[in-house]
Structures are given as structure tokens and as C-alpha cells.
Amino acid sequence: MKLDVREAAHMLNVSATKIYRWVDAEVIPFVMNQRHPMFLRVELLEWAMEMEIPISADLYEDEGDIHSRVRSSAAVVTRRCVRRRWRSWSWSRPS
């Protein structure tokens, strides 16, 4: 599902101005749609988790049968992020 700047700002609990700054700096995943930045919900969730940005609970509130798809997508993203962090940690074995 694609989000506009206002919806992305609401989901990330930041101002629309901050979203535009991130778009200008190209630090947030986005696609341009007729000169307007748009955000894919799952990509935005994954990016926010990697950046340790708190997510609005509205992420899971949608109309219709989308609940199960969003939650399952969020679970996939969560597992992917955990695996990345697991691989990046250096473990020292006790002597």
C-alpha cells in the first residue's frame, strides 16, 4: 500500500517537513509519483525498524481484510531485521 507524505509522517510520528527533509537527503525509501514522493508501507516499516524509529499503532489499523496481510508483512520484515542484527553481532565465547 502506498502512503503520501502526510500519511507517512503520521505513521512515523514526525512532521511532514521532516519527511521532506529525509526525501531530499535520500535517507528514507520512497518512489516519485508525478513529482510527489510516495512510500510503500512495508518498506517504510522496515526502514523505521532499522533506524529504531517508533511506529504509530495506526500501521495496523486499516479497512477490510488488509489486517492479516499487513500483520503478516510486518512479521516477515521483523524476522528479516532480527536475522540481520543476529548476523552483525560479534559473539565472544567464554574461555
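These notes cover the structure that comes with them. (Residues numbered from 1 in each chain as written. Predicted model: local features only at pLDDT ≥ 70, side-chain atom pairs only at ≥ 80, totals over all residues. Heavy atoms only, no water.)

Another aspect to go through is the nonpolar core. Ranked by size, the top nonpolar core spans 15 residues in total, and within it L12, I19, W22, I28, F39, L44 and W47 carry the most contacts. Going through the elements one at a time, α1 (5–12), α2 (16–25) and α3 (41–50) are the ones with two or more residues in this core. Per-element tally for this core: the top contributor is α1, with five residues. Residues contacting L44, with those up to four places away along its chain left out, are L3, A8, M11, L12, I28 and F39. (Core = buried A, V, L, I, M, F, W, Y, C linked by side-chain atoms within 4.5 Å. Buried < 20%, exposed > 50% of the residue type's maximum accessible area, 1.4 Å probe, protein only. Helix = DSSP H or I, 4+ residues; strand = E, 2+ residues; numbered from the N terminus. Contact = heavy atoms within 4.5 Å.)

By definition, the strands of a sheet pair up through backbone hydrogen bonds, in either a parallel or an antiparallel sense. Taken in spatial order, the three strands line up as β1-β3-β2 in an open sheet, and their pairing is antiparallel. The open sheet has two edge strands, β1 (2–3) and β2 (31–33), and neither has a second partner. Two strands pair when backbone bridges link them, and β1 and strand β3 (residues 36–40) are joined in this way by two bridges, in the antiparallel orientation. Across the sheet, the residue bridging to L3 is F39, located in β3. In the packing of α3 onto the sheet, the strands contacted are β1 and β3, and the crossing angle to β3 comes to about 75 degrees. (Pairing = 2+ DSSP bridges. Axes fitted to C-alpha atoms, helices over the stretch in contact; angles between N-to-C directions.)

Below, the discussion takes up the packing of aromatic side chains. The final tally for this structure, using the stated rule, is one aromatic pair. Here W22 and W47 contribute two aromatic rings whose centre-to-centre distance is 5.1 Å and whose plane-to-plane angle is 65 degrees, an arrangement assigned as edge-to-face. Of this pair, W22 sits in helix α2 while W47 sits in helix α3, placing them 25 residues apart in sequence. With a relative accessible area of 8%, W47 lands in the buried category. (Phe/Tyr/Trp six-rings, centres within 6.5 Å; stacked < 30°, edge-to-face > 60°.)

The N-to-C vectors of α1 and α2 enclose an angle of 105 degrees; their axes lie 8 Å apart at closest approach. Our classification of the angle between α1 and α2 gives roughly perpendicular. Of the residues in α2, those touching α1 at V5, A8, A9 and L12 are A16, I19, Y20 and W22. Across the contact of α1 with α2, the residue classes break down as eight nonpolar, no polar and no charged. (Parallel < 35°, antiparallel > 145°, perpendicular 65-115°, else oblique. Nonpolar A, V, L, I, M, F, W, Y, C, P; charged D, E, K, R; others polar.)

On to α2, then. Every buried residue of α2 is accounted for by I19, W22 and V23. Along the axis of α2, the buried positions cluster into a sector of 100 degrees, meaning they face one direction only. Turned more than 90 degrees from where α2 packs its buried face, R21, D24 and A25 sit exposed. In this fold, the buried residues of α2 make contact with α1, β3 and α3. (Arc of directions from axis to C-beta.)

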